[in-house]
Amino acid sequence: MRIGIVGAGILGLAVAREMARAGAEVTVLDKEDRVAAHQTGHNSGVVHAGIYYAPGSLKATLCRDGVAMLREYCAEHGLPYDEVGKLVVASSRAELPGLRRIAGRARENGVPGIAELDGLGLREIEPDAVGVGAVHSPRTAITDFPAVARRLAADVAASGGSVRLSHPVRGIRERAGAVEVAAGGTVFRFDTLISCAGLGTDRVAALAGSPGEVRIVPFRGEYHRLAGSAKSLVRGLIYPVPDPRYPFLGVHLTRRIDGEVLVGPNAVLALAFEGYTWRDVSPRDLGRILGWPGTRRMAAAHWRTGVREVYGSLAGSAFLSAARRYVPALTAADLERTGGGVRAQAVARDGRLLDDFAIDVHGRIVLVRNAPSPAATSSLAIARHIALTVPLPKSI
Ligand SMILES: Cc1cc2nc3c(=O)[nH]c(=O)nc-3n(C[C@H](O)[C@H](O)[C@H](O)COP(=O)(O)OP(=O)(O)OC[C@H]3O[C@@H](n4cnc5c(N)ncnc54)[C@H](O)[C@@H]3O)c2cc1C
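Criteria and cut-off values
- Residues numbered from 1 in each chain as written.
- Predicted model: local features only at pLDDT ≥ 70, side-chain atom pairs only at ≥ 80, totals over all residues.
- Heavy atoms only, no water.
- Buried < 20%, exposed > 50% of the residue type's maximum accessible area, 1.4 Å probe, protein only.
- Helix = DSSP H or I, 4+ residues; strand = E, 2+ residues; numbered from the N terminus.
- Arc of directions from axis to C-beta.
- Contact = heavy atoms within 4.5 Å.
- Disulfide = S-S within 2.5 Å.
- Axes fitted to C-alpha atoms, helices over the stretch in contact; angles between N-to-C directions.
- Parallel < 35°, antiparallel > 145°, perpendicular 65-115°, else oblique.
- Nonpolar A, V, L, I, M, F, W, Y, C, P; charged D, E, K, R; others polar.
- Pairing = 2+ DSSP bridges.
- Near = heavy atom within 4 Å.
- Polar contact = N/O pair within 3.5 Å; in protein donor to acceptor, adjacent residues only side chain to side chain.

Draft legend 1. Fine view of helix α7 (residues 283-291). Burial in α7 covers these residues: Asp 285, Leu 286 and Ile 289. Angularly, the buried residues of α7 cover 95° about the axis, an arc narrow enough to put them on a single face. In α7, the exposed residues that point more than 90 degrees away from the buried face are Pro 283 and Arg 284. Close packing links the buried residues of α7 with β14 (214-226) and α8 (293-315).

In structure tokens:
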């Protein structure tokens, strides 16, 4: 059984490892010269405990399973995994009903150790934070997702598979009981092809002759970081009560495994699929993004939020005001701009941002169409889900 996988992000590599362990001959193809070059290498590094997601959704079940699998994997391989804990903080009484809903959801999803705290209680966890109430998730953790991805790639190689970097997939053709894939000057023949291409999903789907009913819209998430001694003002993870209209969690304060504390990410429409800064503009990508009716409908429905996010990005004000809402001792001098990531978020034709993970099967081709946060957390469980439930040829 020959299985081809597009994408050497954490998801493609987790799928490759799962298939290689089941005895398949696995080849991972990625256009970049390193693993984890895109979303996997540009995120907050949070192992989400499964608090927010609609009970019964793929996100809810695969996040809970994924946390357990990732925790064990990190322990087994000596990879960093630190349960620093998370507070979701209501900064006004108006946010308390939303906070209660989150606590209820977290319990329904079986998230361990959830506690509801008042303003005093939250300061026992984060002495420099303020709020009128909080939900505490003590088991929410941080890790190093690129290190996990590199370890997964090593596992794939150890099971006899190969990870071919600098191999952009340029052609896909299903014929004579196989899928032919042109990449890096070679034509590979696979029994099944699985696409985990993140921001490149639509291009791979189009090559496969299955453009589908959703399109990827790139939302950049920019970060600032706390400078010098200001880092000591945040022990773990401090999040706002999210706006239920969006799948993004809002600008938060995140302690990272390397000791940095990030403030972010915001969510602005990127001007290219890999648009990491305002200077990255691709007329071709923009034509595709704006040519999708869903993007225009989404923009019409949410333009006020969009304008606010763009202003906050350019002025940097979104970061300071969000950070000070939860940690008032912070000043403008404590924040400095740092990098960002671009989320691959699927948007439906009617303008709806797809909330759940989405996986499609088209003949011998499996297409992961939507794998935004918490897909890094859930990657090992998503891989098992694909191996168990997607109709792959029988011997897997
Ligand atoms: C700002 C931000 C913050 C986030 N925070 C978190 C968090 O704290 N916790 C969490 O669990 N999740 C988080 N996420 C989400 C998480 O990073 C992603 O869900 C996850 O990394 C998806 O992994 P992936 O392998 O599908 O995608 P990617 O890592 O993007 O990998 C896709 C790969 O496909 C390759 N590719 C694309 N097209 C082609 C082609 N034609 N040929 C060959 N290769 C191709 C790319 O080069 C890339 O390496 C965050 C994401 C962002 C952007």
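Draft legend 2. Spotlight on the state of the cysteines. Following the criterion strictly, the structure yields 0 disulfides and no others. Cys 74 supplies the cysteine sulfur nearest to Cys 63, a cysteine that is in no disulfide, at a spacing of 14 Å. What makes Cys 63 buried here is its relative accessible area of 0%. Cys 196 forms no disulfide, and the closest cysteine sulfur to it belongs to Cys 63, at a distance of 18 Å.

Draft legend 3. Highlighting the packing of α8 against helix α9 (residues 317-326). Between α8 and α9, the shortest axis-to-axis distance is 5 Å and the interhelical angle comes to 95°. One finds that α8 runs roughly perpendicular with respect to α9. Counted together, Tyr 311, Gly 312 and Ala 315 of α8 and Ser 317, Ala 318 and Phe 319 of α9 form the full contact between these two elements. Grouping the constituent residues of the contact of α8 with α9 by class yields 4 nonpolar, 2 polar and no charged.

Draft legend 4. The arrangement of the environment of Val 181 in detail. Mapped onto the elements of the fold, Val 181 is located in strand β11 (residues 178-183). Judged by relative accessible area, Val 181 falls into the buried class, the value being 0%. On a C-alpha basis, the gap between Val 181 and Gly 4 in space is 8.4 Å, while along the polypeptide they are 177 residues apart. Those residues within four positions of Val 181 in sequence are excluded, and the remaining contacts are Leu 29, Val 169, Gly 171, Thr 186, Val 187, Phe 188, Phe 190 and Leu 193.

Draft legend 5. Region of interest: the sheet that holds strand β4 (residues 81-82). Taken together, the 3 strands give an open sheet; going across it, the order is β3-β8-β4, and neighbouring strands pair in antiparallel fashion. On the outer flanks of this sheet lie β3 (46-47) and β4, each paired with one strand and no other. Where β4 and strand β8 (residues 141-143) come together, 2 bridges link them in antiparallel fashion. By the bridge assignment for β8, Tyr 81 is matched with Thr 143.

Draft legend 6. Expanded view of the site of the ligand. Near the ligand, the surroundings consist of 39 residues, among which Asp 30, Thr 40, Val 46, Ala 371 and Thr 377 are the closest. With respect to the ligand, the side chain of Gln 39 contributes an N or O atom lying 3.1 Å from an oxygen atom. Within the backbone of Ala 376, one N or O atom sits 3.5 Å away from an oxygen atom of the ligand. Going through the elements one at a time, α1 (10-21), β19 (335-348) and α10 (375-389) are the ones with two or more residues in the shell around the ligand.

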